[in-house]
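Residue-level listing of the chains:
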Amino acid sequence: MLEAIAEAELALASGEVPIGAVVVWDGKIIGRGHNRREQWKDPTAHAEILAIKEAAQYLDQWRLTNASLYVTLEPCPMCAGAIVNARIKTLVFGAYDPKAGAVSSLMNLVQDKRLNHFVEVYDGICQNECRQLLQDFFQDLR
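The paragraphs below set out a description of the structure included in this document. (Residues numbered from 1 in each chain as written. Predicted model: local features only at pLDDT ≥ 70, side-chain atom pairs only at ≥ 80, totals over all residues. Heavy atoms only, no water.)

Moving on: the environment of Ala 55. Within the secondary structure, Ala 55 is located in helix α3 (residues 47-59). As for Ala 55 and Ile 5, which are separated by 50 residues in sequence, their C-alpha atoms are 18 Å apart. With residues near it in sequence (within four places) discarded, Ala 55 still touches Val 23, Ile 30, Gly 31 and Leu 64. (Helix = DSSP H or I, 4+ residues; strand = E, 2+ residues; numbered from the N terminus. Contact = heavy atoms within 4.5 Å.)

Here it is in structure tokens:
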């Protein structure tokens, strides 16, 4: 999670909402990402999506079975869908997102038994640090 927080700090340094993610496979980080929506003018440039893409390129396959995704904020519906579609085994996230969280706050897309994949979830990991990054960012905007 500390590596995901470091990615979030990179987002913060470039004026992006400070969200970071890393994909771990076989004990090694194979994908990293931080928000780049503003920088790239791309609504899909979320930390999770970028980390998943990099991991898929590293493995040269779209199935990330047995991979773990660490992210500083509870994934939104788009990212939760990507997690399921990539067949990620484990999701670890820090802060909850009461306005867009699709893992526990608004819904639980990654563990919906109607879908073809079920993700293990560990939530609230380094929650205070992750939440503080976001709170400081939005307080500075005001």
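Right, picking up where we left off after that structure.
On the secondary structure map, Gln 127 appears in helix α5 (residues 127-141). Taking the C-alpha atoms as reference points, Gln 127 and Ala 6, 121 residues apart in sequence, are found 14 Å from one another. Excluding its chain neighbours within four sequence positions, the residues that come into contact with Gln 127 are Gly 94, Ala 95 and Tyr 96.

Moving on: the pattern of salt bridges. Per the counting criterion, the structure on display carries three salt bridges. A salt bridge links Arg 114 to Asp 112; its shortest N-O distance comes to 2.6 Å. Taking relative accessible area as the criterion, Asp 112 reaches 17% and is therefore assigned buried. Beyond isolated ion pairs, a larger network of salt bridges with shared partners links Glu 3, Glu 7 and Arg 32. (Salt bridge = Lys/Arg side-chain N within 4 Å of Asp/Glu carboxyl O. Buried < 20%, exposed > 50% of the residue type's maximum accessible area, 1.4 Å probe, protein only.)

In this section: the packing of α3 against helix α4 (residues 77-85). Look at α3 against α4: their axes get within 9 Å of each other, and the N-to-C directions meet at 20°. Compared by their axis directions, α3 and α4 come out roughly parallel. Crossing angle aside, the handedness with which α3 passes α4 is left-handed. Where α3 approaches α4, its residues Glu 48, Ile 49 and Ile 52 are matched on the opposing element by Met 78, Cys 79, Ala 82 and Ile 83. (Axes fitted to C-alpha atoms, helices over the stretch in contact; angles between N-to-C directions. Parallel < 35°, antiparallel > 145°, perpendicular 65-115°, else oblique. Left-handed = near helix turned anticlockwise from the far one by under 90°.)

With that settled, consider the packing of aromatic side chains. Within the structure shown, the criterion is met by two aromatic pairs. Here Phe 93 and Tyr 96 contribute two aromatic rings whose centre-to-centre distance is 5.3 Å and whose plane-to-plane angle is 85°, an arrangement assigned as edge-to-face. Each ring, one from Phe 137 and one from Phe 138, has its centre 5.0 Å from the other, and the planes form 80°; the classification is edge-to-face. We classify Phe 138 as partly exposed; its relative accessible area is 34%. (Phe/Tyr/Trp six-rings, centres within 6.5 Å; stacked < 30°, edge-to-face > 60°.)

With that settled, the discussion passes to the packing of helix α1 (residues 2-13) against α5. It is the contact of α1 with α5, at a shortest axis distance of 11 Å, that shows an interaxial angle of 5°. Looking at the two axes, α1 sits roughly parallel to α5. Between α1, through Ile 5, Ala 8, Glu 9 and Leu 12, and α5, the contact on the second element is made entirely by Glu 129, Cys 130, Leu 133 and Phe 137.

The next thing to look at is the pairing of strand β2 (residues 28-34). For strand β1 (residues 20-25) and β2, the ladder comprises six bridges, and the chain directions are antiparallel. By the bridge assignment for β2, Ala 21 is matched with Gly 33. (Pairing = 2+ DSSP bridges.)

Adjacent strands of a sheet form backbone hydrogen bonds with each other and so pair up, either parallel or antiparallel. Strand order in this open sheet of five strands is β2-β1-β3-β4-β5, and the pairing throughout is mixed. Looking along the sheet, the strands with just one partner apiece sit at the ends: β2 and β5 (120-122). Within the sheet, the average angular offset between the axes of one strand and its neighbour, ignoring direction, is 20°. Sheet contacts for α3: β1, β2 and β3 (68-73); angle to β2, the most-contacted strand, approximately 145°.

Nothing here speaks to function; it is geometry throughout.
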